[in-house]
Amino acid sequence: LGKRIVFKESVESTQKEAHQIAEEAEEGTLVIAEEQTAGRGRMARTWKSPKYTGIWMSLILKPELPPFKAPQFTLITAVAVTEAIRDVAGVMPSIKWPNDLLLNGKKITGILTELQADSDQIRSIIIGIGVNVNQPEFPEELAEIATSISIEKGETVSRAKIVQAIMKKLETYYDEYTMNGFSLIKEKWESYAISIGRHIIARTVTGTIRGKALGITDEGVLKLEDENGIIHNIYSADIEIEQ
Ligand code: BTN
């Protein structure tokens with residue numbers, strides 16, 4: 001992975017750039033930028049991506065799989081980025097389903113997995129990764145919920161080393177996944193996750209469900225048991241962990 005790198009000083013969104021080249025790009029192509037002027041988050045949110053401080057990148061993969069397997073790639077990426085940050089920065093993030101990495105309860109990483117697919121086959125999967133590495137501070141509206149590795153660690157960290165480590169881990173886990181399936185990755189994901197076994201509130205587009213997070217399925221879907229003992233499969237939501 002990352003044999004071909006498209007490096008840009010400033011883009012609207014690396015995700016948008018990756019979508020544009022995905023069809024002809026070879027698998028493993030990485031689009032990376034120093035700054036995004038219109039970075040995108042999940043659920044139509046924006047993602048602040050100031051210059052030279054974070055990692056803003058999108059990776060193009062072309063697995064021969066049906067589209068419903070795509071959420072697994074969010075979890076593969078979460079495991080890879082968690083371990084990369086642990087190894088390079090010496091701080092251990094925890095994962096909040098489906099795609100947030102937290103340090104001391106605040107978000108340092110978001111992952112956005114998008115597809116170009118036919119009904120039964122993925123053509124390209126575009127994994128957007130945003131890591132807050134060296135921002136010295138956050139705007140007031142984000143300061144309660146977001147942080148950077150350097151704020152939490154008290155010193156700046158090499159972005160290049162983290163990118164290298166992420167790519168290496170992703171390659172390892174993509175190989176593992178292709179050869180042996182999802183089970184080892186699922187195990188690691190569950191061991192790094194903070195929400196499993198806890199009472200959570202899941203806000204989906206169709207409504208809010210409260211319950212206990214039981215774990216994830218082999219497809220990366222969150223299993224939630226409500227107070228009546230009914231088990232819900234949550235495909236997409238924002239979750240809040242209850243005290
Ligand atoms: C989220 O937590 O909502 C996901 C955030 C994903 C941000 C990354 S930064 C690189 C890539 N390009 C984008 O526009 N978004 C993703």
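The residue numbers shown here count from 1 along each chain, following its written sequence. Local features in this predicted model are restricted to residues of pLDDT 70 or higher, and side-chain atom pairs are both shown and tallied only at a pLDDT of 80 or more, whereas totals for entire chains, interfaces and linings draw on every residue.

Engineer: Could you give an account of the environment of Ala237, naming the residues involved and the relevant values?
Structural biologist: Helix and strand assignments follow DSSP, with helices taken as H or I runs no shorter than four residues and strands as E runs no shorter than two, numbered in order from the N terminus. Tracing the backbone shows Ala237 in the loop between strand S11 (231–234) and strand S12 (238–241). Discounting chain neighbours no more than four positions away, the residues touching Ala237 are Ala202, Arg203 and Thr204. C-beta atoms are placed from the backbone for every residue, and two residues are taken to be in contact when these atoms lie within 7 Å.

Engineer: An account of the sheet that holds strand S9 (residues 207–216) is requested, with residue identities and associated values reported.
Structural biologist: Two strands qualify as a pair provided DSSP detects at least 2 bridges between them. Spatially, the 5 strands line up as an open sheet ordered S11-S10-S9-S8-S12, and their pairing is antiparallel. A single partner strand is all that each edge strand has here, and the edge strands are S11 and S12. Neighbour to neighbour, the strand axes of the sheet diverge by 45 degrees on average, direction disregarded. As paired elements, strand S10 (residues 222–225) and S11 share 4 bridges and run antiparallel to each other. When the sheet's bridge partners are listed, Lys223 is paired in S11 with Asn233. Axes, fitted as lines to C-alpha atoms, cover a helix only where it is in contact. Angles between the N-to-C directions of the axes lie from 0 to 180 degrees.

Engineer: Give a detailed account of the environment of Arg40, specifying residues and quantitative values.
Structural biologist: You can see Arg40 is positioned in the loop between strand S2 (30–36) and strand S3 (54–61). Residues with at least 20 neighbouring C-beta atoms inside 10 Å of their own are called buried, those with 12 or fewer are called exposed, and the rest are partly exposed, where every C-beta is derived from the backbone. C-beta crowding within 10 Å serves as the criterion here: with 21 such atoms nearby, Arg40 is assigned to the buried category. In this structure, the C-alpha to C-alpha distance between Arg40 and Thr172, residues 132 residues apart in sequence, is 27 Å. Dropping the residues within four chain positions of it, Arg40 is found in contact with Ser13, Gln15, Thr46, Trp47 and Leu112.

Engineer: Provide a residue-level description of the domain arrangement of the chain, including the pertinent values.
Structural biologist: Residue ranges assigned to the domains are those given by an automatic or database domain assignment. As assigned here, the chain comprises domain 1 (5–192) and domain 2 (199–241). Counting residues at the interface gives 12 residues for domain 1 and 8 residues for domain 2. Mapped by element, the contributors of at least two residues to the side of domain 1 that touches domain 2 are helix H2 (71–89) and helix H6 (183–192). In terms of residue count, H2 provides more of the side of domain 1 that touches domain 2 than any other element does, 4 residues in total.

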